[in-house]
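Architecture at a glance
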Amino acid sequence: MAVVLGYFVKSIQNYIDGRFTPGKTEFADVNPADGTTIAQVAEADAQQVDEAVYAARQAQHGEWGCLSVRERAARLHRVADAIEKRFACFVQAEVADTGKPVSLASRLDVPRAAANFRVFADLVKMAGLESFQTETADGAQALNYAVRKPLGVVGVITPWNLPLLLLTWKVAPALACGNTVVVKPSEETPATATLLAEAIEEAEIPGGVYNVVHGFGPGSAGEFLSQHPDVNAITFTGESRTGAAIMKSVAPTVKPISFELGGKNAAIVFADCNFDETVKGLSDAVFLNTGQVCLCSERLYVERKIFDSFVDALKVQAESLHAGWPGDEKTDLGPLISAQHREKVLSYYKLAHEEGATVVTGGGIPTFGDARDRGFYVQPTIYTGLSESARCVKEEIFGPVCHIAPFDSEEEAVAKANDTRYGLAASIWTSNLKRGHRVAQQMNVGITWVNCWFLRDLRTPFGGVGLSGIGREGGIHSLNFYSELNNICIRL
Ligand code: NAD
Ligand code: 6OD
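Residues numbered from 1 in each chain as written. Chains lettered and ligands numbered in written order. Predicted model: local features only at pLDDT ≥ 70, side-chain atom pairs only at ≥ 80, totals over all residues. Heavy atoms only, no water.

**Remarks on the site of ligand 2**
Inspection of the region around ligand 2 gives R112, N161, L162, L166, W169, E260, V293, C294, L295, F454, R456 and F462 as its neighbouring residues. Between ligand 2 and the protein, one listed contact pairs an oxygen atom with a backbone N or O atom of C294 at 2.8 Å. Between ligand 2 and R456 there is a distance of 2.7 Å, counted from an oxygen atom to a side-chain nitrogen or oxygen. Here ligand 2, which alone exposes 310 Å², has 99% of that area covered by the protein. When atom positions are compared with the pocket grids, ligand 2 is found to occupy the largest cavity. (Near = heavy atom within 4 Å. Polar contact = N/O pair within 3.5 Å; in protein donor to acceptor, adjacent residues only side chain to side chain. Areas by Shrake-Rupley, 256 points an atom, 1.4 Å probe, with all protein chains shown as cover. 1 Å grid on protein atoms, 1.4 Å probe; cavity = no way out; pocket = protein on both sides within 12 Å on 5 of 7 lines; lining within 4 Å. Sits in = over half its atoms within 2 Å of the grid points.)

The structure is reproduced here in structure tokens:
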């Protein structure tokens, strides 16, 4: 329980070659609910990132790289068991770092971390590969078949919004394919990646297979990792701009990248939808995790016939959300992640005003009269009346906020929803399933939900188009990204 204890004695260390390792410098891990420092975090310098990559390389060449797929899968199931055994610690660490409601961490983040390990453990055992019987020019036969090999050392760089969920979404398939990893969690949320090291140890995964380096992006651990010549691939989740910077730093060493980036996701609501379910579904899609989910809907297009009643109903929903202490079971809305992120979200609240928005609800900061006033809360906010070219309609805000606009025809709704440089997710709300299919297929995104949102099956492709990413992960797509396929051709 070293890290759990470490966490509560206010020190979070790097984890390199199976050992918790301090850094030469430290930075503060801040509780977003009240602005207090909850831990000091060891920052990895370039030499420590080097050591982590070296350890990962050695481990990949050692026992881990030689294990049968069945044995690897069994150990990944044991990681899931170890996460479940520490369920309360993971929830507590995630809540303290992110400020998200304990109810959300308990029903989404931590269960998904265990599920990520279980699903990819099972998938890798079942994944088949292609083979072809080929006729040669001289009438003989040849057999082509592919074998799956690990890439080697994978660099995993992740954000703060769903820290453990998104990290394990990449670590699990990478390990399932026989790779080793060096992870660089967000500087805002270092705890659960570090705690995961204990689960990895308990699962008897050898030292060096899972390494954690803490720090920032440019000039720090993130950049040291992404430009490291001995890292074989980079998988990244975060802002589109950061993705562009990482692309530059990996370019000289030409390695595979998988990017899950930002979004400015649209929802289209037709008048024939199930009204109450749609309002409830879109309340989640706008406000879950205080709007800090890349899949959140920031643009809602509602058929004019029900526009006014829909806006009124979503307003009632927004105003019923309970902003509270993250540890309180009744809390629906926690704070934003940091003072800096709150500045960004508030700058869009101000901009919306300047761009001529009508404020349906929110637009400011709540007051509590206690320590939460030093935290990073904002009000859930709904705007109407902006033009489609307004920056608030074009740019990702990543807060509990949406703009709602009316539409008169299906074509208009589709055109407006697709008028973005992002392309991560969309949702369509209608009781006409024929229309649901038709509209869904026109969405220029990686994932479209019909009459639901963020309903996940981990076997399905996940990713975005345009500024929202490169590549697909999930199911076989993850296995293919985290492995090299070697085709073998045998003349028979
Ligand atoms: P971010 O891009 O600021 O940071 C993500 C990670 O990258 C952090 O670990 C950070 O330290 C690191 N980093 C920053 N600059 C770097 C550099 N130059 N080189 C290497 N590493 C660097 O993102 P964030 O603010 O943590 O997360 C919010 C963003 O993530 C939003 O845009 C959101 O839409 C996006 N996101 C996307 C998905 C998805 O699946 N598409 C999921 C979650 C979040
Ligand atoms: O559910 C997932 O697998 C996933 N990658 C979700 C991303 C959420 C973005 O914040």
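**Brief notes about a nonpolar patch on the surface**
Nonpolar side chains collect at one region of the surface, where Y145, I490 and L492 lie side by side and expose about 270 Å² of accessible area between them. Topologically, L492 is positioned in the segment after β21 (483–491). Residue class for L492 comes out exposed when judged on its relative accessible area of 60%. (Patch = residues over 30% accessible without salt bridge, like charges linked within 9 Å, V, L, I, M, F, W, Y side chains within 5 Å. Salt bridge = Lys/Arg side-chain N within 4 Å of Asp/Glu carboxyl O. Helix = DSSP H or I, 4+ residues; strand = E, 2+ residues; numbered from the N terminus. Buried < 20%, exposed > 50% of the residue type's maximum accessible area, 1.4 Å probe, protein only.)

**Quick notes on empty space enclosed by the protein**
If a probe the size of a water molecule is rolled over the atoms, the empty space left behind becomes visible. Per the counting criterion, the structure on display carries 6 cavities of 30 Å³ or more. The volume enclosed by the largest cavity comes to roughly 110 Å³. Together, 14 residues line the largest cavity, and L165, L166, C294, L295 and F462 are the ones closest to its centre. Among the elements that make up the lining of the largest cavity, the one with the highest residue count is helix α7 (residues 163–176) (3 residues). For the lining of the largest cavity, the class distribution of residues is 10 nonpolar, 1 polar and 3 charged. Inspection of the lining of the largest cavity shows a minimum of three residues originating in each of domain 1 (3–261 + 467–491) and domain 2 (265–457). (Points joined across faces, edges and corners; volume = space filled by probe spheres on them. Nonpolar A, V, L, I, M, F, W, Y, C, P; charged D, E, K, R; others polar. Domains from an automatic or database assignment.)

**As for the side chain of S226**
Relative to the elements of secondary structure, S226 occurs in helix α9 (residues 221–226). Of the residues examined, S226 reaches a relative accessible area of 1% and is grouped as buried. A distance of 3.0 Å separates the side chain of S226 from the side chain of S249, its partner in a polar contact. When residues no more than four places from it in sequence are discounted, the contact partners of S226 are I157, I234, I246, S249, V250 and K255. (Contact = heavy atoms within 4.5 Å.)

**Concerning the sheet that holds strand β1 (residues 11–12)**
Strand pairing in a sheet relies on backbone hydrogen bonds, with the paired strands running either antiparallel or parallel. Strand order in the open sheet made by the 3 strands is β1-β5-β4, with mixed pairing throughout. At either margin of the open sheet sits one strand with a lone partner, and together these are β1 and β4 (25–30). (Pairing = 2+ DSSP bridges.)

**Observations regarding the pairing of strand β7 (residues 141–150)**
Where strand β6 (residues 131–135) lies against β7, 5 bridges are found, and the strand directions are antiparallel. Bridge pairing links T134 to A142 in β7. Hairpin connection, β6 to β7: the antiparallel pair is bridged by 5 residues, and G139 has positive phi, about 85 degrees. Here β7 pairs with β21 via 9 bridges, running antiparallel. Across the sheet, the residue bridging to A146 is N487, located in β21.

**A closer look at the layout of surface pockets**
Here the largest pocket defines a volume of roughly 1000 Å³. Residue lining of the largest pocket: 36 residues in total, with W160, E187, G238, E239 and T242 positioned closest to the centre. Looking at the lining of the largest pocket, the elements that each hand over two or more residues are α9, β11 (233–237), α10 (240–250) and α13 (339–354). Looking at the lining of the largest pocket, the element that brings in the most residues is α10, giving 5 residues. Across the lining of the largest pocket, the residue classes break down as 13 nonpolar, 14 polar and 9 charged. Along the wall of the second largest pocket there are 13 residues; nearest its centre are Y348, E395, E396, Y422 and L467. Each residue belonging to the lining of the second largest pocket can be placed in one class, and the counts come to 3 nonpolar, 2 polar and 8 charged.

**Observations concerning the confidence of the model for the protein**
Looking at the protein as a whole, its pLDDT mean stands at 96, while 98% of the residues score no less than 70. Counting interchain partners and residues more than four positions distant, the pLDDT-below-50 stretch residues 1–7 has 20 contacts. (pLDDT = per-residue confidence, 0-100.)

**Comments concerning the packing of α7 against helix α8 (residues 191–202)**
When two helices pack together, you describe them by how their axes are tilted relative to each other and by the distance separating the axes. The geometry of α7 relative to α8 is characterised by a closest axis approach of 10 Å and an angle of 40 degrees between their N-to-C directions. The angle between α7 and α8 places the two elements in the oblique class. Two packed elements cross with a definite hand, and for α7 against α8 that hand is right-handed. Residues P163, L164, L167, T168 and L175 of α7 form the contact with α8, whose own contacting residues are T192, A193, L196 and I200. Considering only residue class, the contact of α7 with α8 consists of 7 nonpolar, 2 polar and no charged. (Axes fitted to C-alpha atoms, helices over the stretch in contact; angles between N-to-C directions. Parallel < 35°, antiparallel > 145°, perpendicular 65-115°, else oblique. Left-handed = near helix turned anticlockwise from the far one by under 90°.)

**A word on helix α11 (residues 275–287)**
An α-helix turns once per 3.6 residues; consequently, residues spaced three or four apart project the same way. Compared with the 18 Å implied by 1.5 Å per residue over 13 residues, the 18 Å span of α11 between its first and last C-alpha is a close match. Listed as buried for α11 are T278, V279, G281, L282, S283, A285, V286 and F287. Buried residues along α11 sit against β13 (265–269), β14 (297–303), α12 (304–320), β16 (381–384), β17 (401–407) and β18 (425–429). Positive phi appears at N289, one or two residues downstream of α11, with a value of about 55 degrees. (Expected span 1.5 Å × (residues − 1).)

**Here's the deal with the packing of α11 against α12**
Their axes nearest at 10 Å, the elements α11 and α12 cross at an angle of 55 degrees. With respect to each other, α11 and α12 are oriented oblique. For the crossing formed where α11 meets α12, the hand is right-handed. Residues F275, T278, V279, K280, L282, S283 and F287 of α11 form the contact with α12, whose own contacting residues are I306, S309, F310, A313, L314, Q317 and A318. Among the residues making up the contact of α11 with α12, the classes are represented as 9 nonpolar, 4 polar and 1 charged.

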